[in-house]
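Chain residues, written in single-letter form:
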2 protein chains.
Amino acid sequence: MKTSQRGQVDPFIVMDVMEAARKAEAAGRRIIHMEVGQPATPAPKGARQALARTLEQPLGYTVALGLPALRQGIAALYQRWYGVDLDPARVVVTPGSSGAFILAFSALFDAGDRVALGEPGYPSYRQILRAMSLEPVGIPTRIEDRYQPRPEDLPGDVQGLILASPGNPSGTVLRREELAALTTRAAALGVSVISDEIYHGLDYGAGFHSALEVTDDVVVINSFSKYFSMTGWRIGWMVVPEPMIRTVERIAQNMFICPPHASQVAALAALDCVDEAEANLAVYAANRQMLLERLPQIGFDRIAPPEGAFYIYADVSELTDDSLSFAAEILEKAGVAVTPGLDFDPRRGARTLRFSYAGASADIAEGLDRLAAFMAAR
Amino acid sequence: MKTSQRGQVDPFIVMDVMEAARKAEAAGRRIIHMEVGQPATPAPKGARQALARTLEQPLGYTVALGLPALRQGIAALYQRWYGVDLDPARVVVTPGSSGAFILAFSALFDAGDRVALGEPGYPSYRQILRAMSLEPVGIPTRIEDRYQPRPEDLPGDVQGLILASPGNPSGTVLRREELAALTTRAAALGVSVISDEIYHGLDYGAGFHSALEVTDDVVVINSFSKYFSMTGWRIGWMVVPEPMIRTVERIAQNMFICPPHASQVAALAALDCVDEAEANLAVYAANRQMLLERLPQIGFDRIAPPEGAFYIYADVSELTDDSLSFAAEILEKAGVAVTPGLDFDPRRGARTLRFSYAGASADIAEGLDRLAAFMAAR
Ligand SMILES: Cc1ncc(COP(=O)(O)O)c(C=O)c1O
Ligand SMILES: Cc1ncc(COP(=O)(O)O)c(C=O)c1O
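This section reports on the structure supplied with the text. Here the structure is a predicted model, which is why all the values come from computation and not from measurement. Per chain, the residues get numbers from 1 upward, laid out in the order the sequence is written. The lettering of chains begins at A and the numbering of ligands begins at 1, in the order of writing. With the structure being a predicted model, the display of local features is reserved for residues of pLDDT at least 70 and the display and counting of side-chain atom pairs for 80 or more, all residues being used for whole-chain, interface and lining totals. Think of the side-chain values as coming from all heavy atoms in the structure, minus any hydrogens and water.

Let's shift gears to the site of ligand 1. The rule for a residue being near a molecule or strand is that one of its heavy atoms must lie within 4 Å of it. Within the structure, ligand 1 sits among 15 residues, and Ser98(A), Asp196(A), Ser223(A), Ser225(A) and Tyr61(B) are positioned closest to it. With respect to ligand 1, the chains having nearby residues are chains A and B. As used in this structure description, the phrase polar contact means that two N or O atoms lie within 3.5 Å; if the pair is within protein, one of them must be able to donate a hydrogen and the other to accept it, and residues adjacent in sequence are counted only when both atoms belong to side chains. Separating an oxygen atom of ligand 1 from a side-chain N or O atom of Asn168(A) is a distance of 2.8 Å. Reported accessibility uses the Shrake-Rupley method at a 1.4 Å probe radius. Residues are deemed covered only where the shown protein chains occlude them. In isolation ligand 1 offers 400 Å² of accessible surface; the protein chains occlude 97% of this area. Secondary structure elements are taken from DSSP: a helix is a run of H or I of four residues or more, a strand is a run of E of two residues or more, and numbering for both begins at the N terminus. The dominant element in the shell around ligand 1, judged by the number of residues it contributes, is helix α4 (residues 96-108) of chain A, at three residues. Under the scheme applied, nonpolar residues are Ala, Val, Leu, Ile, Met, Phe, Trp, Tyr, Cys and Pro; charged residues are Asp, Glu, Lys and Arg; polar residues are all the others, including Gly. Of the residues that constitute the shell around ligand 1, the class distribution is six nonpolar, six polar and three charged.

Take a look at the structure:
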């Protein structure tokens, strides 16, 4: 049997870093992980307790759009976070935000359609699009724009646009008026907008705005993975315009049947675990402060303002034009795993690195010490 | 925003039945459910206990192909069930067999490719194919062939073929030599074969054979949903030919990141819960025996031999040419929910019904009494 053209998606480059880190650890070295994009903390205690209480019941298929109580709880979050009054009928619970992208792309685009996205950006957008016979169209963004696209950057010949705020790897946030300008421009061009808001809640003062604050004609995607610390649970959601609900429901019934039932039970309880989520946030905030103070001293001073998420994206073009070997060298010599920018920006990522600060503060502090020693010796 | 062409998949007709049943129940009526295709039992106790013990740990993203121990455990099942020696590297853990179909279709087919499947068959094959810009090509099968395709039925102009044994809705099983003949014919035509084996283990004497017993050049799809009674956990697997592993791994990394971690932990333990799975099977076997005795007496005598799964598919063409209204009438008058065949066979399903016997035996017995009274009064 031969494989398809569309199945030929790019590998994750960070996987090679992680494999090299694993090997070093297997050989007895201690590695500081600043490459992984996930919290080290478990799901909130209340979420795990709610699941433990439910384990006696048969957790069969749920309805495709998710447990009604969970959809209501998510809708209530829009009131809490943004003051937006959201009809729970527009909330679709999905197997991670990853599942939401599959649903959104199926519901919005036909084979051959072109979808614009900012570079640097989350690599899987590009690969999921390819695997679904869609064409990713990169928009190179500028550090002075906080690596976010301008309305006038939007090509006239695309059917879709993916926005991400806070972005991965940049951590930068779109302001309310920027969201309005971008979605207005897209609407004028007849371009469907998908707004990835999965790092909402992880905010260090700049605030965060949902695209739903400026328009209803948008697909908003979010997840329990990051703020609620539930990556492995594969549970996320999307908010769709009212006329799209039935289409998305039918696709979800067939493609997924339903999101994982146990994860839905846990997620519903997680919505109330605000204290624990905020405690995790306080750790990221402290880590971020350390990085912001020390990275520039160490020699990584060309960074996008890390307004949200748990990443810092650094332009290292004065140090290397091969981020892959540079990351390998940092791992080898300093024992710190970082992500080469090529995963996020196929064009310019050979000159950038991403540092994740989702780990424990003691680890981040040690990582910084090691980076300082490495750069001083270079 | 406008929705895509490929997003216009058909609704599940059984959903209307389920909604009508729900309304009747809300109005105080007791309905017997012979429409749902899932066990009423929870996941095996050992599976739930294993998860409960793991809940303190952070259940983060796993590697995309699944926990190595789970892949090994699944490979061992091929030794146990079929005497096949399977390299665990070829096992891919997926978010339900539904997720496996998405991965397999992405890895094997390009937009516009045509994929053959037997009619009647599981409706979602058709809809997932459509949502991925692929064209389902129905092969009408015959009751005298136990509703399974013949090798000579395979069209010359398709790129793929989906086999299902035991089939849904038919419950019929492909013999080893039939699997060999079908896969040989497909190979001769250059057609990629996907073998859906998700009802394996649910067997009432006819036995069951994996396509892996006759060829390695096949994608085999299976799931913890049915035999292991874990539908809502969304955990399944596929076995791919060695040269496809890397391609599938990359697609899985991007489309799903990983299967639900908690469900992987539970599934690993479920593999050892043979007693509980066999106890569930004994209930289905008793239910099946009841149906086989009484359905013909009641007037449903044109049925495919229900060799596996937990379904009986009946040709009711002597009773109706509108299975949808007939099912509605049975629900209304007898208070028994059954599935109209149109979901499974868009061409001939107006003259067929599916009875599911996954429920409790007392319910099935009462359902049969009610059906008998309904048919006698008709
Ligand atoms: C920007 C962005 N979007 C989406 C995802 C997918 O997350 P999940 O499927 O766990 O919700 C990630 C994961 O790292 C991400 O960084
Ligand atoms: C024949 C067949 N294949 C696949 C599936 C999907 O099952 P799951 O995604 O739960 O593994 C079903 C569900 O009923 C089915 O009947």
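As a structural note, the neighbourhood of ligand 2 is formed by 15 residues, with Tyr61(A), Ser98(B), Asp196(B), Ser223(B) and Ser225(B) the closest of them. Neighbouring residues of ligand 2 are not confined to a single chain but are spread across chains A and B. Between ligand 2 and Tyr61(A) there is a distance of 2.7 Å, counted from an oxygen atom to a side-chain nitrogen or oxygen. For ligand 2, an oxygen atom lies 2.7 Å from a polar atom in the side chain of Tyr199(B). Computed on the free molecule, ligand 2 has an accessible area of 400 Å², of which 97% lies beneath the protein chains in the complex. Taken atom by atom, the bulk of ligand 2 overlaps the second largest pocket. For the shell around ligand 2, the element with the highest residue contribution is helix α4 (residues 96-108) of chain B, accounting for three residues. In this analysis the probe radius is 1.4 Å and the grid spacing 1 Å, with only protein atoms considered; a cavity is a set of points the probe fits into but cannot get out of, a pocket is an open set with protein on both sides within 12 Å along at least five of seven lines, and lining residues have an atom within 4 Å of a point. Any molecule with more than half of its atoms within 2 Å of a cavity's or pocket's grid points is regarded as sitting in that cavity or pocket.

Two residues qualify as a contact provided that any one of their heavy atoms is within 4.5 Å of a heavy atom in the partner residue. The interface is formed by 74 residues belonging to chain A together with 74 residues belonging to chain B. Throughout, the accessible surface (probe 1.4 Å) given up by two parts as they are put together, summed over both, is called the buried area. Around 5700 Å² of area is buried between chain A and chain B when both sides are counted, 57% of it from carbon and sulfur atoms. For chain A, the biggest contributors to the area lost against chain B are Met1(A), Tyr61(A) and Asn254(A); these three give 15% of the whole. Salt-bridge detection follows one rule: a side-chain nitrogen of Lys or Arg within 4 Å of a carboxyl oxygen of Asp or Glu. Scanning the region where chain A abuts chain B turns up two salt bridges. One salt bridge in this structure joins Glu56(B) and Arg48(A), with 3.8 Å as the shortest N-O distance. Where chain A meets chain B, there are 32 residue pairs in polar contact (both at pLDDT 80 or more).

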